[in-house]
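Listed here are the chains, written in short residue letters.
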Amino acid sequence: MKDLLDEIGSCTVCDSFFLHQPRPIVSISSSSKLLIIGQAPGRKVHESGIPWDDASGRNLRSWLNLPEDVFYDSSKVALVPMGFCYPGSGKSGDLPPRPECAPLWHSKILNHCTSVKLTLLIGQYAQKYYLRERMQGNLTETVKAFESYLPTHLPLPHPSPRNRIWMKKNQWFEMSLLPKLKAHIEKLNIV
């Protein structure tokens, strides 16, 4: 595992696409029971080097009902983005994750994370990559059909504060899905 993390940490495959120094950010362990696959680190996470170290991370930890010490314990929770480095920002927020990372690293990571019982697919990039033709027409429909992906996967919207409008339009998420998500997390016995 250490060799893999060192290899990921020194990756520069996307170097020519960035205006900043690449800083791959991932947290994994062979004993992780929960795997969270997100999009890509934002600017704040790029600066701190800590996955989900921003408002989105606070929202996600609240959704999961996980304290920080458990969330950041890689022996319990693996944090793997679709793109390991901050992609930079565009007109309406961060750019999409670089497409090179997942094909290059995810299968190697999954081969090491053999204790995973549940994988959370956060946002459309993770859902498209992992669910492929099983994905519904759009993110909302995919998340709404979350029970059809259990017990191995559970799709979620991105917990960004920018998604407040989506949350307001889809109150079923907070009322129906979140309690079931918390129950699944509780069954993992990681707290």
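Keep in mind the model is a prediction, meaning the values are calculated, not measured.

Moving on, we get to helix H5 (residues 101–112). The first and last C-alpha atoms of H5 sit 17 Å apart over twelve residues, in line with the 16 Å expected at 1.5 Å per residue. Looking only at H5, the buried set comprises Cys101, Ala102, Trp105, His106 and Ile109. The buried side chains of H5 occupy one side of the element, clustering within an arc of 110° when seen end-on. Those residues of H5 that are exposed and aimed more than 90 degrees away from the buried face are Pro103 and Asn111. Packed against the buried residues of H5 are helix H1 (2–9), strand S1 (34–38), strand S2 (77–81) and helix H6 (124–131).

So, about the layout of surface pockets. In this structure, the largest pocket spans a volume of roughly 910 Å³. Lining the largest pocket are 34 residues, and of these Gln39, Ala40, Gly42, Asp94 and His158 lie nearest its centre. Mapped onto the lining of the largest pocket, the elements with two or more residues apiece are S1, helix H2 (43–48), helix H3 (55–64), S2, strand S4 (93–94) and H6. Per-class residue counts for the lining of the largest pocket are 18 nonpolar, eleven polar and five charged.

Going through the model one piece at a time under the given rule, you end up with four salt bridges. A salt bridge links Asp6 to Lys2, with the nearest nitrogen and oxygen atoms 2.7 Å apart. Taken as a pair, Asp6 and Lys2 lie in helix H1 at a separation of four residues, close to a single helical turn. On the accessibility criterion, Asp6 (41% relative accessible area) is partly exposed.

Thresholds, definitions, all that
Residues numbered from 1 in each chain as written. Predicted model: local features only at pLDDT ≥ 70, side-chain atom pairs only at ≥ 80, totals over all residues. Heavy atoms only, no water. Helix = DSSP H or I, 4+ residues; strand = E, 2+ residues; numbered from the N terminus. Expected span 1.5 Å × (residues − 1). Buried < 20%, exposed > 50% of the residue type's maximum accessible area, 1.4 Å probe, protein only. Arc of directions from axis to C-beta. Contact = heavy atoms within 4.5 Å. 1 Å grid on protein atoms, 1.4 Å probe; cavity = no way out; pocket = protein on both sides within 12 Å on 5 of 7 lines; lining within 4 Å. Points joined across faces, edges and corners; volume = space filled by probe spheres on them. Nonpolar A, V, L, I, M, F, W, Y, C, P; charged D, E, K, R; others polar. Salt bridge = Lys/Arg side-chain N within 4 Å of Asp/Glu carboxyl O.

Any functional reading would require information beyond the geometric quantities listed.
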